[in-house]
Structures are given as C-alpha cells and as structure tokens.
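Here's the letter readout for the chains.
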Amino acid sequence: MRPTKNTLLLVFGFLCIYSCTPKKPVDREGFRQEKAARELKRIAPADLMQKGEQLGEEILSATASAYLNTLKRAIVENGISGAIGFCQLSASGIASDLQDSLGVTISRVTDKPRNPVNTLSASDKAIWEAYEYVPENLDGQIQEYDTENLIYTKPITIGSTLCLNCHGRAGSDITPENYSLIKSQYPDDQAINYEVGDFRGMWRILLPKKAVVSKM
C-alpha cells in the first residue's frame, strides 16, 4: 500500500521538527563528577589514600619546581631585592595557575609568617606540631581532612645559605637595605632568624576526593 499524501506530509513535518530542534550540550564536567561520586562509594579507603598521596606528591613537585625556578630567575635578574618582590607578587600566582588546572587548593603555611595570608590555621596546627615533634621527618603526609577532601602536607626547611639572605639574621645575613625593603612590604614580618636546616613552613594541598577518584 502506497502512503497517502497526508502521511508523507506528517512524516516530513516530524523530521523537520526533530532536525531543527537544538540539541542540549552534554555537561561533561557534571557527568565526570557524578561518575566520580558513584565510584567513590566503591573504592577502598586505603586505595583512595594511596592515590591521594601519589597525586599530592606529583602536584607538590610541579609547584615547588615552578616556584624555585621562578625565584632563581628573579634573583639573577634583580638580585635579592628582586626575590623579596617575587615573594609578594608572583608566588601566589604560580600556585593559582596550577590549582586552577588541577582542581585543588595549594598553599604554604607557617607559624612565623612574612605574609599574613600564610599564617598557620587552627585546623592545621596538629599536623604542624607533629612535624615539629620529629623535625627530621621530611616526608609528605596524606590524611583525611573532612568527608569530601584529603590533605597532603610536606615540611619546608631552610635549604641553603641563599635562603638566609631573606630569612636569616637582620644586619648580618640580611643586609640593612634588604631588611628595610622587607619591612616596607611586610610590616609585621616574623620570618627571620632562621638557620640552614630549620623547619620553616609547610606545603598544604587540599585534594577533593572526587578529583582523586577521577585520576584512578
């Protein structure tokens, strides 16, 4: 039986409507997060922690390397005074670029800050005190921070005499000119009087569990 004219028009109209209807874009990020949330329920806690530690170390390695290379370049180009300016203007930018691309939160904290932004928080004091108690332990540590995040930390020490140009003793390691510059930029500076090898600060990387799962 041949289709009638009305049937053909009906089919043609349906095809036009279907082909002209804009398709809703696929929310790939939303799908990824939902998938990671489902998988999180099935992953053993030990496996999650192991992957979190690996990811934390990889992120820290990339962050610290970028930070150190940029700092060295600032010293070569502008001397120690350039390094002081770098710490104020550029260090946070390096971390920001990396955390935006990786979906984590990277920071440096200490009990004797130069920049008040880096002041040790109450929630991090227990971790800090554990490193203080065993100062020779320079290994990174992964812990559960809350129900949605892991936290990876690693001590920062005064690695060489170069660091003392900004963090040593004022008047001897730190020249009067450089110390004056430090105080002009950081009036409440506490980050001096260190020696090589001293425990100076702590890297702190907050890792969403969903982000860790997505890398497994």
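Residues numbered from 1 in each chain as written. Predicted model: local features only at pLDDT ≥ 70, side-chain atom pairs only at ≥ 80, totals over all residues. Heavy atoms only, no water.

Draft legend 1. Here's a closer look at the overall build of the protein. For the protein, the helix and strand inventory stands at eight helices and four strands. What you see in the protein, going N to C, is helices and strands ordered as α-α-α-α-β-α-β-β-α-α-β-α. Expressed as a percentage of its 216 residues, the buried residues of the protein come to 31%. Within the protein, residue pairs in contact and separated by at least 24 positions form 72% of the contacts whose partners lie at least 6 positions apart. Accessible area of the protein: about 13600 Å², with a carbon and sulfur share of 56%. (Helix = DSSP H or I, 4+ residues; strand = E, 2+ residues; numbered from the N terminus. Buried < 20%, exposed > 50% of the residue type's maximum accessible area, 1.4 Å probe, protein only. Contact = heavy atoms within 4.5 Å. Areas by Shrake-Rupley, 256 points an atom, 1.4 Å probe, with all protein chains shown as cover.)

Draft legend 2. Representation of the pairing of strand 3 (residues 149-157) in the model. Across four bridges, strand 2 (residues 141-144) lies against strand 3 in antiparallel orientation. Residue pairing for strand 3: I142 is matched across the bridge by Y152. Following strand 2, the chain reverses through four residues before pairing antiparallel with strand 3. Two elements, strand 3 and strand 4 (residues 199-208), share nine bridges in a ladder whose sense is antiparallel. The residue of strand 4 that forms the bridge with K154 is W203. (Pairing = 2+ DSSP bridges.)

Draft legend 3. Focus on the packing of aromatic side chains. Scanning the entire structure with this criterion turns up two aromatic pairs. A connected cluster of aromatic rings, assembled from ring pairs, spans W128, Y131 and F199. (Phe/Tyr/Trp six-rings, centres within 6.5 Å; stacked < 30°, edge-to-face > 60°.)

Draft legend 4. Region of the structure containing the sheet that holds strand 3. In spatial order, the strands read 1-4-3-2; together these four strands make up an open sheet with antiparallel pairing. Because the sheet does not close on itself, it has two edges, and the strands there are strand 1 (105-109) and strand 2. Within the sheet, the average angular offset between the axes of one strand and its neighbour, ignoring direction, is 25°. Of the strands in this sheet, strand 1, strand 2, strand 3 and strand 4 touch helix 5 (residues 125-133), which is tilted by about 140° from strand 4. (Axes fitted to C-alpha atoms, helices over the stretch in contact; angles between N-to-C directions.)

Draft legend 5. Looking closely at unusual backbone geometry. Despite not being glycine, N193 shows a phi value in the positive range, around 70°. As for its placement among the helices and strands, N193 is situated in the loop between helix 7 (176-185) and strand 4. Note on N193: relative accessible area 48%, which makes it partly exposed.

Draft legend 6. The environment of R204, seen in detail. With respect to the secondary-structure elements, R204 resides in strand 4. In this structure the C-alpha to C-alpha distance between R204 and Q141, which are 63 residues apart in sequence, comes to 9.9 Å. R204 has contacts with T105, I106, S107, V109, D124, Y145, I151, Y152 and T153, leaving out every residue within four places of it along the chain. At a separation of 2.7 Å, a polar atom in the side chain of R204 contacts the side chain of D124. (Polar contact = N/O pair within 3.5 Å; in protein donor to acceptor, adjacent residues only side chain to side chain.)

Draft legend 7. Geometry of helix 5. All buried positions along helix 5 are accounted for by I127, W128 and Y131. Considered in projection along helix 5, the buried side chains sweep an arc of 100° and stay on one side of the axis. Turned more than 90 degrees off the buried face of helix 5, the exposed positions are A126 and Y133. The secondary structure elements touched by the buried residues of helix 5 are strand 1, strand 2, strand 3 and strand 4. (Arc of directions from axis to C-beta.)

Draft legend 8. The side chain of R200, seen in detail. Along the chain, R200 turns up in strand 4. Lacking a salt bridge, the buried R200 has D111 as its closest oppositely charged neighbour, with an N-O distance of 6.2 Å. A distance of 3.5 Å separates the side chain of R200 from the backbone oxygen of K112, its partner in a polar contact. When neighbours within four sequence positions are excluded, R200 is seen to be in contact with T110, K112, W128, I156, T157, I158, H167, A191 and Y194. (Lys, Arg positive; Asp, Glu negative; His and termini not counted. Salt bridge = Lys/Arg side-chain N within 4 Å of Asp/Glu carboxyl O.)

Draft legend 9. Representation of the nonpolar core within the structure. By size, the foremost hydrophobic cluster in this structure holds 14 residues, and its most contacted members are I59, I205 and L207. Mapped onto this core, the elements with two or more residues apiece are helix 3 (45-89), strand 3, strand 4 and helix 8 (209-214). The dominant element in this core, judged by the number of residues it contributes, is helix 3, at four residues. For I59, the residues in contact, after removing those within four places along its chain, are L102, V104, I106, I205 and L207. The next biggest cluster of nonpolar side chains, apart from the first, holds nine residues, and it includes L120, W128, Y131 and M202. (Core = buried A, V, L, I, M, F, W, Y, C linked by side-chain atoms within 4.5 Å.)

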